[in-house]
Amino acid sequence: MYEKEALTKEAKDFVSIIEPLNFVKQIAPRPLLMLNAKNDEIVPPLMSRLLFKAAEEPKEIIWYNAKHRDAPIDIIYGDGLNWFKKYL
């Protein structure tokens, strides 16, 4: 997420304790659902793709043609509920 020289080694070590990429593999074998906005200005789509790629199966990602704050909540809730019915 940061340019190569944006953070010192100490700063990278500090933030690594909360970096999702360091932990996403531990979710499996539980299922993972990611609901993402294609034009997200808060969580860059590239970071969502990297996180999804690093996750183990079973996993699913759904993309919405929206920004972070104008995502279609009613559709997202429906997709989430359908996923919960399938996996939980």
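Scroll up a little and you will see the structure.
Report on the accompanying structure. (Residues numbered from 1 in each chain as written. Predicted model: local features only at pLDDT ≥ 70, side-chain atom pairs only at ≥ 80, totals over all residues. Heavy atoms only, no water.)

**Details of the pairing of strand β1 (residues 32–37)**
Here is step 1: The element β1 is extensively covered by neighbouring structure, given that 5 of its 6 residues are classed as buried.
Here is step 2: Crossover connection from β1 via helix α2 (residues 45–54) to parallel strand β2 (residues 59–64): handedness right-handed. (Buried < 20%, exposed > 50% of the residue type's maximum accessible area, 1.4 Å probe, protein only. Helix = DSSP H or I, 4+ residues; strand = E, 2+ residues; numbered from the N terminus. Right-handed = clockwise from strand over helix to strand, strands pointing away.)

**Quick look at helix α3 (residues 73–87)**
Here is step 1: The end-to-end C-alpha separation of α3 is 21 Å, in line with the 21 Å expected for 15 residues at 1.5 Å each.
Here is step 2: Of all the residues in α3, the buried ones are Ile 76, Gly 80 and Trp 83. The buried residues of α3 all sit within an arc of 60 degrees when viewed along its axis, so they share a single face. Opposite the packed face of α3, turned more than 90 degrees from it, sit the exposed residues Asp 74, Tyr 77, Leu 81, Lys 85 and Lys 86.
Here is step 3: Lining the buried residues of α3 we find β1 and β2. (Expected span 1.5 Å × (residues − 1). Arc of directions from axis to C-beta. Contact = heavy atoms within 4.5 Å.)

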